[in-house]
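A look at the structure
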Amino acid sequence: DTGVSQDPRHKITKRGQNVTFRCDPISEHNRLYWYRQTLGQGPEFLTYFQNEAQLEKSRLLSDRFSAERPKGSFSTLEIQHTEQGDSAMYLCASSLNRAKNIQYFGAGTRLSVL
Amino acid sequence: KNEVEQSPQNLTAQEGEFITINCSYSVGISALHWLQQHPGGGIVSLFMLSSGKKKHGRLIATINIQEKHSSLHITASHPRDSAVYICAVRTSGGGADGLTFGKGTHLIIQP
């Protein structure tokens, strides 16, 4: 257990539905990252936050994807109007700061879109 | 061409063998990470390197900044080392702060 929690661990949804995933980082970590990993590939960076500020979102895969970290603690990743191609593992990681950028990963949320 | 390339993609070895996994990258970096991923998704950070060499137990990681190359070595390999080993880089010069990952090396150590 790295201390980063993700919920749910698995999500099965029908195409067209909206889904939201939650990540609780290690409490003193001010940086939080979202990644997506498809089968047989390495993780792919989506977005990250420093405290409540979203500093990079151009890597989000489409405008159906959005992320928030309203109080600088937990974060949510929402996918609207899900498509079958969204099926993947969604990983969250947190780190203390840029200089000590050891990222601690959660176990991920596996999304299956039917 | 991916910015981070790993080799081999798959590696099967016998218990006790010395293992080397290679990572080459094509961008300027400020740090390189080696991570381990077990079935089910859990990713654990093994090393973060910006120069030289680091050792932790039976694991050794080296990086050559000039050649844009890093290696992960496992000495006296054991079946519990079986996992996917992933190389990831943080690019230098600002911009997105997330890591760029290789596709991973799937290692199986047979007893």
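First, a word on what this report is: a plain description of the structure on this page. Note that the structure is predicted; figures quoted are calculated from it, not measured. (Residues numbered from 1 in each chain as written. Chains lettered and ligands numbered in written order. Predicted model: local features only at pLDDT ≥ 70, side-chain atom pairs only at ≥ 80, totals over all residues. Heavy atoms only, no water.)

Topic: the sheet that holds strand E7 (residues 65–68) of chain A
Residues and elements named next belong to chain A.
- Sheet architecture is open: four strands sit in the order E1-E3-E8-E7, paired in antiparallel fashion. What marks the edges here is a single partner per strand, and that holds for strand E1 (5–7) and E7. On average, adjacent strands in this sheet sit at an angle of 15 degrees to one another, irrespective of strand direction.
- Where E7 lies against strand E8 (residues 75–79), four bridges are found, and the strand directions are antiparallel. Within E8, the residue paired with Ser 66 across the bridge is Glu 78. (Pairing = 2+ DSSP bridges. Helix = DSSP H or I, 4+ residues; strand = E, 2+ residues; numbered from the N terminus. Axes fitted to C-alpha atoms, helices over the stretch in contact; angles between N-to-C directions.)

A look at the sheet that holds strand E3 (residues 19–25) of chain B
Residues and elements named next belong to chain B.
- Read from one edge of the open sheet, five strands run E1-E3-E8-E7-E6, paired in antiparallel fashion. Of all strands in the sheet, those bounded by a partner on one side alone are strand E1 (4–7) and strand E6 (52–56). The average angle at which neighbouring strand axes cross in this sheet is 15 degrees, direction not considered.
- Of the pairings in the sheet, the one linking E3 to strand E8 (residues 69–74) comprises six bridges and is antiparallel in character. Residue pairing across strands places Ile 21 opposite Leu 72, the latter belonging to E8.

Some thoughts on the interface of chain B and chain A
- The partner chain A presents 23 residues to the 19 residues of chain B that form the contact.
- Between chain B and chain A lies a buried interface of about 1,700 Å² when both sides are counted; carbon and sulfur atoms form 53% of it.
- Where chain B packs against chain A, one counts zero salt bridges.
- Taken together, the links from chain B to chain A amount to two residue pairs in polar contact (both at pLDDT 80 or more). (Contact = heavy atoms within 4.5 Å. Buried area = accessible area lost by both parts, 1.4 Å probe. Salt bridge = Lys/Arg side-chain N within 4 Å of Asp/Glu carboxyl O. Polar contact = N/O pair within 3.5 Å; in protein donor to acceptor, adjacent residues only side chain to side chain.)

Quick word on the nonpolar core
- Counting residues in hydrophobic clusters, the biggest one holds 23 residues, and the most contacted among them are Leu 32 and Trp 34 of chain B.
- With 19 residues, the next largest nonpolar core counts Val 19, Phe 21, Leu 60 and Ile 79 of chain A among its residues. (Core = buried A, V, L, I, M, F, W, Y, C linked by side-chain atoms within 4.5 Å. Buried < 20%, exposed > 50% of the residue type's maximum accessible area, 1.4 Å probe, protein only.)

Thoughts on unusual backbone geometry
All names here are of chain A.
- Each neighbour pair has its own omega, and for Asp 7 with Pro 8 the value is -5 degrees, a cis peptide bond.
- The phi torsion at Asn 51 lies on the positive side, around 55 degrees, for a residue other than glycine.
- Counting through the fold element by element, Asn 51 comes out in the loop between strand E5 (44–50) and strand E6 (53–56).
- What makes Asn 51 partly exposed here is its relative accessible area of 32%.

As for the state of the cysteines
All names here are of chain A.
- Scanning the entire structure with this criterion turns up two disulfides over all chains.
- One disulfide in the model links Cys 23 with Cys 92; its S-S distance is 1.8 Å. Negative torsions about the S-S bond denote left-handed disulfides, and the value of about -65 degrees found for Cys 23 with Cys 92 makes this one left-handed. Placement of the pair is Cys 23 in strand E3 (residues 19–24) and Cys 92 in strand E9 (residues 88–95), with a sequence separation of 69 residues. (Disulfide = S-S within 2.5 Å.)

Examining the environment of Cys 92 of chain A
- What makes Cys 92 of chain A buried here is its relative accessible area of 0%.
- In contact with Cys 92 of chain A, other than residues within four places in its own chain, are Val 4, Gln 6, Cys 23, Leu 32, Tyr 33, Trp 34, Tyr 104, Phe 105 and Gly 106 of chain A.

Topic: the pairing of E9 of chain A
All names here are of chain A.
- For E9, a buried count of eight out of eight residues is recorded, marking the element as mostly surrounded by other parts of the structure.
- Burial of the side chains of E9 extends over both faces: Ala 88, Tyr 90, Cys 92 and Ser 94 are buried on one face and Met 89, Leu 91, Ala 93 and Ser 95 on the other.
- Alignment of strand E4 (residues 31–37) against E9, held across seven bridges, turns out to be antiparallel. Of the residues in E9, the one forming a bridge with Tyr 35 is Leu 91.
- Of the pairings in the sheet, the one linking E9 to strand E11 (residues 109–113) comprises three bridges and is antiparallel in character. Paired with Tyr 90 across the strands is Thr 109, a residue of E11.

Details of the layout of surface pockets
- The volume enclosed by the largest pocket comes to roughly 480 Å³.
- Elements with a minimum of two residues in the lining of the largest pocket: E9 of chain A together with strand E9 (83–91) and strand E11 (105–110) of chain B.
- Grouping the constituent residues of the lining of the largest pocket by class yields seven nonpolar, 13 polar and two charged.
- Estimated volume of the second largest pocket: approximately 220 Å³.
- Around the second largest pocket, the lining comprises 13 residues; the ones closest to its centre are Gln 41, Gly 42 and Pro 43 of chain A together with Asn 2 and Phe 101 of chain B.
- Classifying every residue of the lining of the second largest pocket by side-chain character gives three nonpolar, six polar and four charged. (1 Å grid on protein atoms, 1.4 Å probe; cavity = no way out; pocket = protein on both sides within 12 Å on 5 of 7 lines; lining within 4 Å. Points joined across faces, edges and corners; volume = space filled by probe spheres on them. Nonpolar A, V, L, I, M, F, W, Y, C, P; charged D, E, K, R; others polar.)

Remember, this is a structural readout, not a statement about activity or role.
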